[in-house]
Amino acid sequence: MESSFLFGVILALLTVLIIAVNALMIVAMLLSIHKSDGVGFCFTLNLAVADTLIGVAISGLLSDQLSSSDEPTQKTLCSLRMAFVTSSAAASVLTVMLIAFDRYLAIKQPLRYFQIMNGLVAGACIAGLWLVSYLIGFLPLGVSIFQQTTYQGPCTFFAVFHPRFVLTLSCAGFFPAVLLFIFFYCDMLKIASVHSQQIRKMEQAGAMDGAYRPPRSLSDFKAVRTVSVLIGSFTLSWSPFLITSIVQVACHECHLYQVLEKYLWLLGVGNSLLNPLIYAYWQKEVRQQLYHMALGVKKGLTSFLLLLSAKKGGPERPRESSCRIITIFHSELDD
């Protein structure tokens, strides 16, 4: 009982962080899209929405973990909760794949990118992504072999879903996605290296100043770096849970459900907290937008405190502030 309560506290803390950080990311992305009509921002916004829904979905599981009631959640309700969690997680993973493909396409076809990836295509990709995600999440409810025959509670993933469901997802989705990520990374690295070699040859021939490097090569390497971080985060977060689930299917004598549900599942869900931090750090426009939002909050809070002090103390002459204003240039945000 104490272990379940501790797990519930950790889950509650993770839920609050996931929802809060991704909600902040959603606001920043909406403001960025309003300022610059970028298709890539729509994909990052969709990722933040999917991760926020994961936080909302797992918040419904807190009652079973923190409650002292002996009566477990009904199996149907638990199955719906887990289907919603799985759908949101699938949407998050598929959006990560979509972002990787978008960056790959921008490097592979730089001249035709904006013709291929326009607003209509991006909207169709996002709509199809959510359709596939909900089909994946609610698949066990319609396929009996993916359901557990008995249910005793509390409401956990493997209390209602059989490990062979995870085995199917791993073989049909996770491992092909990892291979696709590796292909994107290797091809992007190859293209960026070719661009760098061409620029170096032109510099040596005196066609351009050696101290100047065009931004095109720099953007290529930034895209490669972003995809590499993306691959690492995605793989490290979900592979332990999926691989251990495969071991559980193969080994009938093994009892790994406690490790899967208490530790490895939380590690996979924690990827929804890492995603906004990664993309907010690597995308210059998002960093700048977060900086301007922080300035706006600081300005509003300062005005409120001045107004509050004026009401309490009556009309006073404004006193000089001992605080110095530090100006941060945009170039510092790009580092």
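In this text the structure is predicted, and so the values were computed from the model without any measurement.

**Concerning the pattern of salt bridges**
Here comes step 1: Here the structure, examined in full by the defined rule, presents two salt bridges.
Here comes step 2: Arg-103 serves as the salt-bridge partner of Asp-102, at 2.9 Å between the closest nitrogen and oxygen.
Here comes step 3: Note that Asp-187 and Lys-108 form a salt bridge whose closest N and O atoms lie 3.4 Å from each other. In this pair, Asp-187 is assigned in helix α9 (residues 163-204) and Lys-108 in helix α4 (residues 75-108), connecting sequence segments 79 residues apart.
Here comes step 4: We classify Lys-108 as partly exposed; its relative accessible area is 39%.

**Describing the state of the cysteines**
Here comes step 1: According to the stated counting rule, one finds two disulfides in the structure shown.
Here comes step 2: Each disulfide pairs two cysteine sulfurs, and for Cys-78 the partner residue is Cys-155, the sulfurs being separated by 2.0 Å. With the S-S bond torsion at 95°, the cross-link from Cys-78 to Cys-155 turns out right-handed. Here Cys-78 is found in helix α4, whereas its partner Cys-155 is found in the loop between α7 (139-142) and α8 (157-160), with 77 residues between them in sequence.
Here comes step 3: Exposure remark for Cys-78: the relative accessible area of 0% places this residue in the buried category.

**Things to note about a nonpolar patch on the surface**
Here comes step 1: Taken together, the side chains of Leu-80, Tyr-134, Phe-138 and Leu-141 make up a nonpolar region of the molecular surface, amounting to roughly 310 Å² of accessible area.
Here comes step 2: Looking at the secondary structure, you find Tyr-134 in helix α6 (residues 119-137).
Here comes step 3: Owing to a relative accessible area of 31%, Tyr-134 belongs among the partly exposed residues under this scheme.

**Describing the packing of aromatic side chains**
Here comes step 1: The tally for this structure, following the rule as stated, stands at 18 aromatic pairs.
Here comes step 2: Between Tyr-104 and Phe-184, the aromatic rings sit 4.8 Å apart at their centres with planes inclined by 25°, giving stacked as the arrangement. One end of the pair, Tyr-104, is in helix α4; the other, Phe-184, is in helix α9, and 80 residues separate them in sequence. Each member of the pair Tyr-104 and Phe-184 is classed as buried.
Here comes step 3: Every member of this aromatic cluster is reached through a ring pair, and the members are Phe-146, Phe-157, Phe-158, Phe-161, Phe-165, Trp-238, Phe-241 and Tyr-257.

**Section: the confidence of the model for the protein**
Here comes step 1: Of all residues in the protein, 81% have pLDDT values of 70 or greater, and the mean over the chain is 79.
Here comes step 2: Taken element by element, the protein is modelled with least confidence in helix α14 (residues 330-333), mean pLDDT 46, and with most confidence in α6, mean pLDDT 93.
Here comes step 3: This model gives residues 316-333 a pLDDT under 50, and the stretch forms seven contacts once residues within four places in sequence are excluded.

**Observations concerning the layout of surface pockets**
One simple way to see leftover space: roll a probe sized like a water molecule over the atoms.
Here comes step 1: The space that makes up the second largest pocket amounts to roughly 510 Å³.
Here comes step 2: Of all the secondary structure elements, the ones that give two or more residues to the lining of the second largest pocket are α4, α9, α10 (215-250) and α11 (257-269).
Here comes step 3: Class assignment for the residues of the lining of the second largest pocket results in 21 nonpolar, two polar and no charged.

**Considerations on the environment of Ser-133**
Here comes step 1: Take Ser-133: it is sitting in helix α6.
Here comes step 2: The exposure class assigned to Ser-133 is buried, which follows from its relative accessible area of 0%.
Here comes step 3: Contacts of Ser-133, omitting those with residues within four sequence positions, involve Ser-87, Ala-90, Ala-91 and Leu-94.

**Some words on empty space enclosed by the protein**
Here comes step 1: Applying the stated rule across the entire model yields two cavities of 30 Å³ or more.
Here comes step 2: Among the secondary structure elements, those contributing two or more residues to the lining of the largest cavity are α1 (2-35) and α11.
Here comes step 3: Taken together, the residues of the lining of the largest cavity sort by class into seven nonpolar, two polar and one charged.
Here comes step 4: The computed volume of the second largest cavity comes to approximately 40 Å³.
Here comes step 5: What lines the second largest cavity is Val-96, Leu-230, Ser-233, Phe-234, Asn-271, Asn-275, Ile-278 and Tyr-279.
Here comes step 6: Looking at the lining of the second largest cavity, the elements that each hand over two or more residues are α10 and α12 (271-282).
Here comes step 7: Per element, the largest residue contribution to the lining of the second largest cavity is four residues, and it comes from α12.
Here comes step 8: Grouping the amino acids of the lining of the second largest cavity by side-chain chemistry returns five nonpolar, three polar and no charged.

Scoring rules and cut-offs
Residues numbered from 1 in each chain as written. Predicted model: local features only at pLDDT ≥ 70, side-chain atom pairs only at ≥ 80, totals over all residues. Heavy atoms only, no water. Salt bridge = Lys/Arg side-chain N within 4 Å of Asp/Glu carboxyl O. Helix = DSSP H or I, 4+ residues; strand = E, 2+ residues; numbered from the N terminus. Buried < 20%, exposed > 50% of the residue type's maximum accessible area, 1.4 Å probe, protein only. Disulfide = S-S within 2.5 Å. Patch = residues over 30% accessible without salt bridge, like charges linked within 9 Å, V, L, I, M, F, W, Y side chains within 5 Å. Areas by Shrake-Rupley, 256 points an atom, 1.4 Å probe, with all protein chains shown as cover. Phe/Tyr/Trp six-rings, centres within 6.5 Å; stacked < 30°, edge-to-face > 60°. pLDDT = per-residue confidence, 0-100. Contact = heavy atoms within 4.5 Å. 1 Å grid on protein atoms, 1.4 Å probe; cavity = no way out; pocket = protein on both sides within 12 Å on 5 of 7 lines; lining within 4 Å. Points joined across faces, edges and corners; volume = space filled by probe spheres on them. Nonpolar A, V, L, I, M, F, W, Y, C, P; charged D, E, K, R; others polar.

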